[in-house]
Amino acid sequence: MALPARLTAALGRHPDDLTEDDLQRAVENHIPESADLDWKKDFYKGTEAGKKELVKDVSAMANTAGGMVVIGVDDGNQDHAHGLDPVDPVPGRGEEWIRSVLANWIQPVVPNVGVRVVKSATKGGKIYWVLTVPLSPQAPHAVAAPGNDYHFRVHVRNGTTTRTLAESEIAQRYRDRFQAASDDVDRLYQVADAGLDYLSGYLTSTAHGGSPKATYYPGWVSLAAVPAVRGTYPVTTRVDRDAAFDRFAKLAGESVTAAVQPARPVLVGRRQVRFEGEPTGQLHQDGSFYAAVPINLQSDHTNDDGPKRLYQSGLELDLVALVQAAAAWAAETGSAGDLVLSAALHRFDGSDKPVHLIAAEHAFHHGPATPLPTVPAQTTGDLAAIVTDQREAVVVACALVSDLLADMGAHEPHVLTPEGEILIDRLQGYRHALR
């Protein structure tokens, strides 16, 4: 989860990994409260006032810079960690209760709130609550009691306190949200265009003699992705770029297939890491991503001059792997929120002739030949969900491939389902490609 880097620096450990010993050090060092850190002695009451306090604290952080609420640390009315005072677990008011209150009282719901219990080793049976709140790309989040949608307030952190925004400030926050969504799309186009230019140059170059790569790999599928909340990953020096490449190679190795496993050498790029081959791509320091892999575009052996054949099962699996790799890189840079994705099919053999779409290697029947789609497919997914759940990656890839193949007359993908399934029994010759 992307949280203010200041928190990790101040606490000596990422907030997701805090222990009671870390909290004790915070007390000894008098770590102060701030816009992104709130020490609380007591757990929230089950009354309406208690619920309102909970949602104010969480929504204010989501509307400001993100941060963390720690329950069980007394600030001694001095706005800094003063003493440990873990609380008793309250029956019926655990994680499920917290999430229910947040879901019912905040509009829109704050995404990716972390709710974690830290057990006390010094006071048996007592616990600390750690609530982690990322900066939300869907801000502003308004607070309203259930059934009272017309009486809402928008809160932000103001130093160590929470304040309510005026109407004019709320209006500006909404303008900022809509502008951010437009900026995401603009950034997506920028990443996709730059990546395609780089891929085209690589495939058509004859600088090293011999035939250009496009001769052997005429068809490619590409994926561009941009996170709503940008991250940062240092790629200034060669050491930085090598480290970024090695980390991405490890993450890509965990995808559903090996399609996005990059090859050395690591190439220099301005605020990015580049790699060539199968795949070819660019890793941007803000968490944006571009990669392309060859598609199975083959000549018809019974009619060499006829339309080429595009086998879609491999294409579908490659898109799942690309989605997983894009999300893994974005998360590695500290990005958060939604991930905006765009997939496209390309030909580099100078031909715009139609192709036959073949569902699988063993399929003999196909529809009329059609050109590759010229318009990219675009969708949005939850970054955290894609990273943690392969089914979510399949759902996103299914949406992308459905749009691409619809332009070629396919009613639906062959091996991916909208529910996140991979129909293994349909893979035939591609089953060996799965991790």
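Here, the structure is the one placed above.
These numbers come from a predicted model, not from an experiment. (Residues numbered from 1 in each chain as written. Predicted model: local features only at pLDDT ≥ 70, side-chain atom pairs only at ≥ 80, totals over all residues. Heavy atoms only, no water.)

Re helix α5 (residues 167–204)
Under the 1.5 Å per step criterion, the end-to-end length of α5 is 56 Å for 38 residues, consistent within 8% with the ideal 56 Å. Three or more residues of α5 are buried, namely I170, D184, R187, L188, V191, A192, G195, Y198, L199, Y202 and L203. (Helix = DSSP H or I, 4+ residues; strand = E, 2+ residues; numbered from the N terminus. Expected span 1.5 Å × (residues − 1). Buried < 20%, exposed > 50% of the residue type's maximum accessible area, 1.4 Å probe, protein only.)

Notes on the sheet that holds strand β10 (residues 161–164)
Reading across the sheet, the four strands line up as β5-β8-β9-β10 and stay open at both edges, with antiparallel pairing between neighbours. At either margin of the open sheet sits one strand with a lone partner, and together these are β5 (106–107) and β10. With two bridges connecting them, strand β8 (residues 142–143) and strand β9 (residues 153–158) associate as antiparallel partners. When the sheet's bridge partners are listed, V143 is paired in β9 with R153. Relative to the sheet, helix α3 (residues 48–64) contacts β5, β8, β9 and β10, its axis offset from that of β9 by approximately 70 degrees. (Pairing = 2+ DSSP bridges. Contact = heavy atoms within 4.5 Å. Axes fitted to C-alpha atoms, helices over the stretch in contact; angles between N-to-C directions.)

Observations concerning helix α2 (residues 20–28)
Among all positions of α2, only E20, D22, L23, A26 and V27 are buried. One side of α2 holds all its buried residues, which, seen down the axis, span an arc of 160 degrees. Opposite the buried face of α2, by more than 90 degrees, sit the exposed residues D21 and E28. Positioned one or two residues after α2, H30 has a phi angle of 55 degrees, which is positive. (Arc of directions from axis to C-beta.)

Thoughts on the sheet that holds strand β14 (residues 280–284)
Taken together, the seven strands give an open sheet; going across it, the order is β12-β13-β14-β15-β11-β18-β20, and neighbouring strands pair in antiparallel fashion. Here the strands that pair on one side only, and so sit at the sheet edges, are β12 (267–269) and β20 (377–382). Averaged over all neighbouring strand pairs, the angle between strand axes comes to 20 degrees, with direction disregarded. Bridging between strand β13 (residues 272–275) and β14 involves four bridges; their strand directions are antiparallel. Looking at β14, one finds that F275 is bridged to G281. Each of β11 (219–229), β14, β15 (289–294) and β18 (336–347) is contacted by helix α7 (residues 312–332), which is oriented at about 30 degrees to β11, the strand it contacts most. Contacting β11, β18 and β20, helix α9 (residues 390–406) crosses the sheet at an angle of about 170 degrees to β20.

So, the nonpolar core
Side chains of a nonpolar character, in soluble globular proteins, are inclined to be buried together. In terms of nonpolar packing, the biggest core is built from 59 residues, with L223, F248, V260, F289, L319, V323 and L416 touching the most fellow members. Not counting residues up to four positions away in its chain, the partners in contact with V260 are F248, A252, P279, F289, A291, A321, L322 and A325. Ranked by size, the runner-up nonpolar core spans 25 residues in total, among them M61, V69, I71 and V101. (Core = buried A, V, L, I, M, F, W, Y, C linked by side-chain atoms within 4.5 Å.)

Describing the side chain of K40
Examined against the element boundaries, K40 turns out to sit in strand β1 (residues 37–40). Side chain to side chain, K40 and D57 meet in a polar contact 3.3 Å long. When sequence neighbours within four positions are dropped, the list of residues in contact with K40 reads E53, D57, V69, V70, I71, G72 and V73. (Polar contact = N/O pair within 3.5 Å; in protein donor to acceptor, adjacent residues only side chain to side chain.)

Considerations on the packing of aromatic side chains
Overall, the coordinates contain nine aromatic pairs when judged by the stated rule. Ring geometry for F43 against Y44: centres 6.1 Å apart, planes inclined by 65 degrees, an arrangement best described as edge-to-face. The residues F43 and Y44 share a single accessibility class, namely buried. Plain terms: the ring middles of Y217 and W220 are 6.3 Å apart, the flat faces sit at 75 degrees to each other, and that makes the pair edge-to-face. (Phe/Tyr/Trp six-rings, centres within 6.5 Å; stacked < 30°, edge-to-face > 60°.)

Considerations on the packing of α3 against helix α4 (residues 95–105)
Where α3 contacts α4, the two axes come as close as 10 Å, and the packing angle between them is 80 degrees. Classified by the angle between their axes, α3 and α4 sit roughly perpendicular to one another. Residues E48, K51, K52, L54, V55 and V58 of α3 form the contact with α4, whose participating residues are W97, I98, V101, L102 and W105. For the contact of α3 with α4, a count of residues per class yields eight nonpolar, no polar and three charged. (Parallel < 35°, antiparallel > 145°, perpendicular 65-115°, else oblique. Nonpolar A, V, L, I, M, F, W, Y, C, P; charged D, E, K, R; others polar.)

Things to note about unusual backbone geometry
Going from A139 to P140, the amide bond is cis rather than trans, its omega being 10 degrees. A positive phi angle is found at N112, which is not glycine, with a value near 65 degrees. Taking relative accessible area as the criterion, N112 reaches 25% and is therefore assigned partly exposed. Phi at R271 takes a positive value of approximately 55 degrees, unusual for a residue other than glycine. Considering the arrangement of structural elements, one finds R271 in the loop between β12 and β13.

Overview of the pairing of β15
Counted residue by residue, β15 has six buried out of six residues, so it is predominantly covered. In β15, alternate side chains face the same way, and those of F289, A291 and V293 on one face and Y290, A292 and P294 on the other are all buried. Bridge analysis of β11 against β15 gives six bridges, and the strand direction is antiparallel. Each bridged residue has a counterpart across the sheet, and for A224 the counterpart in β15 is Y290. Between β14 and the antiparallel strand that follows it, β15, lie four residues; G287 among them carries a positive phi value of about 95 degrees.

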